[in-house]
Amino acid sequence: MKGLHIENMKRVFDGFTLGPVNMDIGAGYIVAGGGVAVIGKNGCGKSTFFNCLLGTEKYSGECRWDIDGKSNADNSVLSEKFAYILERCPFPKEYTSREIEKCFADFYETFDRKRYYEILSRYNIPLNKQLFKLSRGNIIVVQIAFAFSYKSEVLFLDEPSAHLDSYARNELYELIGEYEDEGHIFLWASHMMEELDKRADYVLGIKNGQQVYFGTKEELTEKYHVVKGSKKQLDYMKKALVGRRDDESCSCGLVDTTKDYLKLAVLDEPARLSDIVEYLL
């Protein structure tokens, strides 16, 4: 059993407020592996949300993990069940990839050193070069190597592919696919919406720190449709429109299909996550 219960999670700092966030992942949601896409525009609070889940930032409210019978009551055991690939590297930048293995691998009983060095070798990552001397893409590869070298149950992905080349990105997708097939959970924040459209089962939508949606991706994209047509055609739908963009050649928008509207648009189809971010968040 893998589960996460969040009730009224809130984080306030420097004039910014995240939350309240409420969500449940567990029986009836993800019990055999799956992904949660955390979506929203820049600065909406996605990274702050991850930091709260990882316990690196303080918050009010309740966040309770239940992983293989272990809960927050035993954080030393629970922390071994987390893996993460973050835009802001959690490892000291003055460390080399070899020093990272020497210093941190012993915290994980299942750490496979051979696998770690095999992944680094595949990408020609120098073992004795400090992280701050590596490219941003290679720093991500070091995190990938570490994250997939021990047995975790929950994987946090915060813009993991932003600085990877196409080869490394495709291999990351394969590793994540295998991870999901093994019955694990991943939470993924990315501005590359096509990644999330293909791999996420559930969506947490955040706008200016406020939770707008949590549920299945299918429910979200069925409720909201993207429409394209003339400006006049979209004017007839204004009661159902939650956002629109008017250009010289055509008008585009997002409609809430639970509301009645005249279906006059040239295009009317389930929204993609990129449409949800653009018009709703």
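So, here is what we can say about the structure in this document. (Residues numbered from 1 in each chain as written. Predicted model: local features only at pLDDT ≥ 70, side-chain atom pairs only at ≥ 80, totals over all residues. Heavy atoms only, no water.)

What follows is about helix α5 (residues 136–147). With 12 residues, α5 extends 17 Å between its outermost C-alpha atoms, agreeing within 8% with the 16 Å of an ideal straight helix rising 1.5 Å per residue. α5 sits mainly inside the fold: 10 of its 12 residues count as buried. Along α5, the residues that are buried comprise G137, I139, I140, V141, V142, Q143, I144, A145, F146 and A147. Summarising the contacts, the buried residues of α5 are in contact with β6 (82–85), α3 (97–104), α4 (113–122), β7 (154–158) and α6 (166–181). (Helix = DSSP H or I, 4+ residues; strand = E, 2+ residues; numbered from the N terminus. Expected span 1.5 Å × (residues − 1). Buried < 20%, exposed > 50% of the residue type's maximum accessible area, 1.4 Å probe, protein only. Contact = heavy atoms within 4.5 Å.)

Further remarks concern the pairing of strand β12 (residues 241–246). When a strand is regular, its side chains alternate between the sheet's two faces. In this sheet, strand β13 (residues 251–256) lies alongside β12 in antiparallel orientation, the contact comprising five bridges. In the sheet register, R244 faces β13, and the bridge partner there is G253. Remark: four residues form the turn of the hairpin made by β12 and β13, two consecutive strands paired antiparallel. (Pairing = 2+ DSSP bridges.)

Every buried residue of α3 is listed here: S97, I100 and E101. End-on, the buried residues of α3 take up no more than an arc of 95 degrees, which puts them together on one face. Elements in contact with the buried residues of α3: α4 and α5. (Arc of directions from axis to C-beta.)

On the surface, E174, E178, D181 and E182 cluster together to form a negatively charged patch. The residue E178 is located in helix α6 in this model. Overall, E178 belongs to the partly exposed group, its relative accessible area being 44%. (Patch = residues over 30% accessible without salt bridge, like charges linked within 9 Å, V, L, I, M, F, W, Y side chains within 5 Å. Areas by Shrake-Rupley, 256 points an atom, 1.4 Å probe, with all protein chains shown as cover. Salt bridge = Lys/Arg side-chain N within 4 Å of Asp/Glu carboxyl O. Lys, Arg positive; Asp, Glu negative; His and termini not counted. Charge placed at Lys NZ, Arg CZ, Asp CG, Glu CD.)

This brings us to the sheet that holds β12. Strand order across the open sheet formed by four strands is β12-β13-β11-β14, with antiparallel pairing between neighbours. Two strands in the sheet have a free side with no partner beyond their single neighbour: β12 and β14 (267–270). Across the sheet, the mean angle from the axis of one strand to that of its neighbour is 15 degrees, orientation sign disregarded. Note that strand β11 (residues 224–229) and β14 share four bridges and pair antiparallel. Within β14, the residue paired with H225 across the bridge is P270. (Axes fitted to C-alpha atoms, helices over the stretch in contact; angles between N-to-C directions.)

Bringing unusual backbone geometry into the picture now. The omega angle of the peptide bond from G19 to P20 is 10 degrees, so this bond is cis rather than trans. For P20, the position within the fold is in strand β2 (residues 16–25). Here N8, not a glycine, exhibits a phi torsion of approximately 55 degrees, which is positive. Along the chain, the position of N8 falls in strand β1 (residues 2–13). Taking the relative accessible area as the measure of exposure, N8 reaches 42% and is therefore partly exposed. Even without a glycine there, the phi angle at E159 is positive, about 50 degrees. As for its position among the elements, E159 is in the loop between β7 and α6. Under the relative-accessibility criterion, E159 is labelled buried at 7%.

This part takes up the pattern of salt bridges. One pass over the structure, following the stated rule, counts 12 salt bridges. Two residues, D275 and R272, come together in a salt bridge whose shortest N-O distance is 3.6 Å. Judged by relative accessible area, R272 falls into the partly exposed class, the value being 49%. One salt-bridge network, held together by shared partners, links E101, K102, D106 and R113.

Their axes nearest at 8 Å, the elements α4 and α5 cross at an angle of 155 degrees. The angle between the axes of α4 and α5 places the two elements in the roughly antiparallel class. Regarding α4 and α5, the two cross each other, and that crossing is right-handed. Between α4 and α5, the contacting residues are Y116, I119 and L120 on the first element and V142, A145 and F146 on the second. A per-class count over the contact of α4 with α5 returns six nonpolar, no polar and no charged. (Parallel < 35°, antiparallel > 145°, perpendicular 65-115°, else oblique. Left-handed = near helix turned anticlockwise from the far one by under 90°. Nonpolar A, V, L, I, M, F, W, Y, C, P; charged D, E, K, R; others polar.)

No statement about biological role is implied by the geometric values presented.
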